[in-house]
Amino acid sequence: MTDGLLDRSTCANLADTALRKARLAAVDYADIRIGTNQSELLFAREDKLKAVNTATETGVGVRVLVNGSWGFAGSNMVSDTEIGRLVDAAVATARATAVIQKRPIAIEDLPSYQAEWAMPVGVEPFSVPTDVKADHLLAINDAAMKAGADYCAATFQFVREQKFFASTRGSEICQTRVRSYPFFRATAVDRDTGRFVTRDSLAAARGAGWDYVERCDLVDEASRAGAEVREKLHAKPVEPGAYDVVIDPTNLFLTIHETIGHSTELDRALGWEADFAGTSFLTPDKLDTLQFGAPMMTVIGERSQDEGLASVAYDDDGVRTAGREFPVIENGVFKNYQMAMGQAQLIGRDGSNGCAYCASPADFPIQRMPNISLQPNPEACSLDDLIGGVERGIYINGAGSWSIDQQRDNFQFSGQLFYEIRNGKLGPMLRDVAYQGRTVPFWNSLDGLGDRSTYFLGGTFTCGKGQPMQPAPVSHGAVPGRFRGVTILNTERKA
């Protein structure tokens with residue numbers, strides 16, 4: 001390691017030590033990951049910079065397959081001696097657990113690669129001085145408060161992830177990813193009643209650098225948000241009932257994540273995540289048969305989209321992701337699960353579709369969500385066209401609080417901004433809105449989608465899964481969607 005960064009030659013030598021020792025132990029397969037995660041968080045409240053936190057985590061993990069059973073050991077110490085200890089521990093674990101392995105793990109044949117890849121980044125965020133970032137945060141808060149907010153808090157988060165992978169199949173891969181997450185929350189307070197409302201920024205986390213933060217222009221958005229949060233404070237409470245809704249992609253990406261992304265994870269469907277993240281209503285017998293959504297609906301899984309948070313050239317099994325894009329839902333029909341190495345044969349499929357990830361090199365790689373995106377309408381269709389097709393409804397913008405059951409079936413989602421729709425036109429702002437439904441009926445109520453010009457790449461910076469829990473970044477492209485007869489709740493709490 002050099003200044004917290006990977007030195008490929010050093011990593012290759014350490015990997016050679018580990019894999020040679022694993023072969024001597026007569027393993028069927030072994031791989032090793034060595035890496036560093038650098039992170040930075042800046043937080044400002046009103047006119048004060050409250051926190052600047054930086055961290056660098058270095059780690060190594062060794063995984064072996066012995067007699068159809070996985071063994072793994074990880075450490076934050078990276079040295080020849082420690083790696084030798086990890087190999088011994090991983091082999092011992094695999095042999096010990098083989099006696100209780102109900103069905104031996106079998107991994108598919110996969111090609112080996114010698115490769116180096118770095119995510120394209122305009123301006124490396126860690127190269128930007130702290131005072132420049134702090135001034136930007138304070139400018140965001142100032143703009144929101146001048147426009148009407150009583151309070152505003154803003155954060156920037158940055159991560160640079162470097163990982164070296166090698167396996168007994170001959171792969172040796174070094175990769176670097178960068179991600180940035182600019183965010184603010186404006187708050188307005190009714191001093192007479194004590195009631196308050198908030199309005200979060202609409203910009204999403206991206207696999208991008210500081211140039212993306214500047215491109216978001218959160219100072220301009222904060223000016224709008226300050227006025228909007230003041231308007232929201234005095235907006236009309238929604239009347240509960242059934243409405244047609246037009247959901248903006250700044251909100252719909254989260255619904256895609258929770259209802260489609262998580263329900264189509266194969267490890268959940270097999271019950272492997274039952275103790276923590278839950279299972280899935282989407283059992284393997286529904287493959288190629290379930291009408292998950294309206295025929296106009298196609299959802300693609302991939303790890304190659306520009307600025308995608310899950311975009312990478314090789315997953316943490318060493319699987320090349322280019323060419324492994326796959327339809328999760330095609331013309332409304334459920335077509336594919338997300339799969340890591342050693343899972344596909346369990347449901348009669350050929351192999352991994354590149355969905356392995358470990359948050360730290362010292363973690364066991366598990367199946368994680370790739371970018372899961374709703375495809376645009378190939379026919380011209382604007383947001384105004386969708387709203388124009390609604391006589392009585394609600395337009396929902398921005399992601400808010402949400403709740404969903406452990407099988408990803410029953411849910412409710414709120415948002416940031418809500419507007420009444422009357423006779424095809426936007427009306428006044430509403431508040432306290434949440435939409436409720438079940439995953440399959442909801443997506444089958446879809447009857448309109450925006451075209452490519454309305455596409456928005458949303459995403460979540462830290463999606464949790466696994467025990468011990470591993471956070472993972474993932475993007476979701478979306479366009480505005482129109483849904484018929486959706487149940488709307490009023491979320492206001494009564495004293």
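Our structure's up above, just so we're on the same page.
A short tour of the structure in this document, coming up. (Residues numbered from 1 in each chain as written. Predicted model: local features only at pLDDT ≥ 70, side-chain atom pairs only at ≥ 80, totals over all residues. Heavy atoms only, no water.)

## Some remarks on the packing of helix α3 (residues 130-146) against helix α5 (residues 218-233)
- It is at 7 Å that the axes of α3 and α5 come closest, and there the two elements cross at 25°. Judged by the angle between their axes, α3 and α5 are roughly parallel. Considering the relative orientation of α3 and α5, their crossing is right-handed. Across the interface between the two elements, His 136, Ala 139, Ile 140, Ala 143 and Ala 144 of α3 pack against Leu 218, Val 219, Ala 222, Ser 223 and Gly 226 of α5.
- Class assignment for the residues of the contact of α3 with α5 results in 7 nonpolar, 3 polar and no charged. (Axes fitted to C-alpha atoms, helices over the stretch in contact; angles between N-to-C directions. Helix = DSSP H or I, 4+ residues; strand = E, 2+ residues; numbered from the N terminus. Parallel < 35°, antiparallel > 145°, perpendicular 65-115°, else oblique. Left-handed = near helix turned anticlockwise from the far one by under 90°. Contact = heavy atoms within 4.5 Å. Nonpolar A, V, L, I, M, F, W, Y, C, P; charged D, E, K, R; others polar.)

## Observations regarding the sheet that holds strand β15 (residues 371-374)
- Strand order in the open sheet formed by 4 strands is β12-β11-β10-β15, with antiparallel pairing between adjacent strands. In the strand order of this sheet, the two ends are held by β12 (333-334) and β15, each with one partner.
- Each of β10 (299-302), β11 (326-330) and β15 is contacted by helix α6 (residues 249-261), which is oriented at about 120° to β15, the strand it contacts most. (Pairing = 2+ DSSP bridges.)

## Here we look at the packing of helix α1 (residues 8-24) against helix α2 (residues 80-97)
- Look at α1 against α2: their axes get within 9 Å of each other, and the N-to-C directions meet at 30°. Of the possible angle classes, the one that applies to α1 and α2 is roughly parallel. Helix-helix and strand crossings are classified by hand; for α1 and α2 the assignment is right-handed. Facing Leu 14, Thr 17, Ala 18, Lys 21 and Ala 22 of α1, the residues of α2 in contact are Asp 80, Ile 83, Gly 84, Val 87 and Asp 88.
- Within the contact of α1 with α2, the residues separate by chemical class into 5 nonpolar, 2 polar and 3 charged.

## Comments concerning the side chain of Arg 431
- Residue placement: Arg 431 occurs in strand β18 (residues 425-431).
- Judged by relative accessible area, which is 9%, Arg 431 ranks as buried.
- A polar contact of 3.0 Å, which involves the side chain of Arg 431, links it to the backbone oxygen of Ala 235. (Buried < 20%, exposed > 50% of the residue type's maximum accessible area, 1.4 Å probe, protein only. Polar contact = N/O pair within 3.5 Å; in protein donor to acceptor, adjacent residues only side chain to side chain.)

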